[in-house]
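# Coordinate inspection notes
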Amino acid sequence: MVSPNTALTPVSYVPILKAKRAELDALASCPPDNLVPLLEVIEPASAGDSIIKAWPHSSDIAWVQVLNADDVDDSTFAVVLDDLFTQLRVAGIAVAPVLTAAEEPATLAAIANIAAQDGHGAVLRIDVEDLIDAGANIAADVTATVAALNLTPGQVDLVADAGLLTGTSSVQSAVATQALGALPTLQDWRTVVVSFSAFPALVGAVVPTQTVGAIPRSDAAAFVATQNVAPRPVVFSDYAIGVPTYGGAAFTPIPNMRYASDTEWYIHRAKERKQPSPQYRALANDIVGASYFSGIGFSPAEQWISDIAASTSGPGNATTHLRIGMSRHLHVVLSRLSTLGAP
């Protein structure tokens, strides 16, 4: 478990997940031990019940960031933000608010009030590009934000987000390491988390139909390279099999299934959009027969895939298979961190 108000350890894992059905269902399939989800909420008025169902824990902390996706005015957004955290508080869910160093005044005041009521501190999330921008006085913004929260750095977890970086894992690690050096009072934060992203935004752009593609988990490699040279302990974070950006598919995707391994994601992609059900069953059979299939018992994903292959459950749809792929990925990372100390 990761209790509120405690520093995360090197075996902790912070997946950044969109607070949508597939991601939340995947989260619900995971044990909370060493897991600290950072949930991005774009529909706060309706997200509370789903979060409570996915994370019904009073002694295991989750981090929640409400995004002003509709660009409503600051005072209105602050009320919506407060309403969500009030609902989570009444339900007894342990959460800490996530914010940036550029929040509007009413939003910042609302988060300060949430932190004061819940007593779990806060989480400050900063893009690494901002930290290395010579023209931005990010250190002053960070200091001012923490002061406005009426907190000390020791009560704040800091997320250095490298999710939008491109290039090789070594290049991304170099940028992230430079960004860590630009953080004020680096040693004083309760926890420092470094996030990377490597899963493709469009599977079809990298994996042809009727093939199996292997995509390197270069986000994990970038983190290990960063961890090896970081001036203080850092905690792993990724976007799992998601991406940092938003935007729905314009049409139903060609059936595909995603299966994480120690160093790669295997993407099994079908032929066409029509008649998806038999194609999902065929993909599931292919995974069950693959050398990298872990076998029933490793995670719920293996049982779900086996049931689809054996026709003892429905074939599912795109949302079903995002849940399965997410659950598999989360379990792989948690297992590797607990046994190997690396994601």
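Look above for the structure.
All of these numbers come straight from a predicted model, not from anything done at the bench.

The subject of this paragraph is the sheet that holds strand β10 (residues 256–260). Read from one edge to the other, the open sheet built from three strands follows the order β8-β11-β10, with strand pairing classed as antiparallel. Strands with a single pairing partner mark the edges of an open sheet, and in this sheet they are β8 (211–216) and β10. Within the sheet, the average angular offset between the axes of one strand and its neighbour, ignoring direction, is 20°. Together, β10 and β11 (264–269) form the strand contacts of helix α9 (residues 276–288), whose direction differs from that of β10 by roughly 25°.

With their axes 8 Å apart at the nearest point, helix α1 (residues 21–28) and helix α2 (residues 44–54) run at an angle of 25° to one another. Taken together, the axis directions place α1 and α2 in an arrangement best described as roughly parallel. Across the interface between the two elements, L24, L27 and A28 of α1 pack against S50, I51 and A54 of α2. A per-class count over the contact of α1 with α2 returns five nonpolar, one polar and no charged.

Quick look at the sheet that holds strand β3 (residues 62–66) now. Read once around its circumference, the closed barrel built from eight strands follows the order β1-β2-β3-β4-β5-β6-β7-β9, with strand pairing classed as parallel. Direction aside, the axes of adjacent strands within the sheet are offset by 25° on average. Relative to strand β7 (residues 191–196), strand β6 (residues 156–161) runs parallel, the two sharing five bridges. Each residue of the ladder has a partner; that of D161, found in β7, is S195. Packing against the sheet, helix α3 (residues 74–90) makes contact with β2 (38–41), β3 and β4 (95–99), and its axis sits at approximately 155° to β3.

Counted residue by residue, β7 has six buried out of six residues, so it is predominantly covered. Residues T191, V193 and S195 of β7 are buried on one face, and the alternating residues V192, V194 and F196, pointing to the opposite face, are buried as well. Chirality of the crossover, the property in question, places the unit of β6, helix α7 (residues 169–182) and β7 among those that are right-handed. When β7 meets strand β9 (residues 235–238), the two strands line up parallel, connected through four bridges. Following the sheet pairing, F196 is matched in β9 by D238.

What helix α10 (residues 300–309) keeps buried is the set A301, E302, I305, S306, I308 and A309. In an axial view of α10, the angular spread of the buried residues amounts to 160°, which keeps them on one side of the axis. Each element contacted by the buried residues of α10 is listed here: β10, α9 and α11 (318–340). One or two residues past the end of α10 sits S311, with phi positive at roughly 60°.

What counts and what doesn't
What you see as residue numbers is a count from 1 along each chain, following the sequence as written. Reporting in this predicted model follows two pLDDT cut-offs: at least 70 for local features of residues, and 80 or more for side-chain atom pairs to be given and counted; totals over whole chains, interfaces and linings ignore these cut-offs and use all residues. The basis for every side-chain value is the complete set of heavy atoms in the structure, and neither hydrogens nor water enter the calculation. We treat two strands as partners when DSSP finds at least two bridges between them. Per the convention used, a helix needs a DSSP run of H or I reaching at least four residues, while a strand needs a run of E reaching at least two, with both numbered from the N terminus. Note on geometry: axes are C-alpha line fits, over the in-contact stretch for helices, and angles between N-to-C directions span 0 to 180 degrees. Contact definition: two residues touch when any of their heavy atoms are within 4.5 Å. Between 65 and 115 degrees an angle is taken as roughly perpendicular, under 35 as roughly parallel, over 145 as roughly antiparallel, and anywhere else as oblique. Only Asp, Glu, Lys and Arg are considered charged, only Ala, Val, Leu, Ile, Met, Phe, Trp, Tyr, Cys and Pro nonpolar, and every remaining residue, Gly among them, polar. Only protein chains enter the area calculation, which uses a 1.4 Å probe; residues under 20% of their type maximum are buried, those over 50% are exposed, and those in between are partly exposed. Look down the strands so they point away from you; if going from the first strand over the helix to the second traces a clockwise path, that crossover is right-handed. What the arc covers is the set of directions going from the helix axis to the C-beta atoms.

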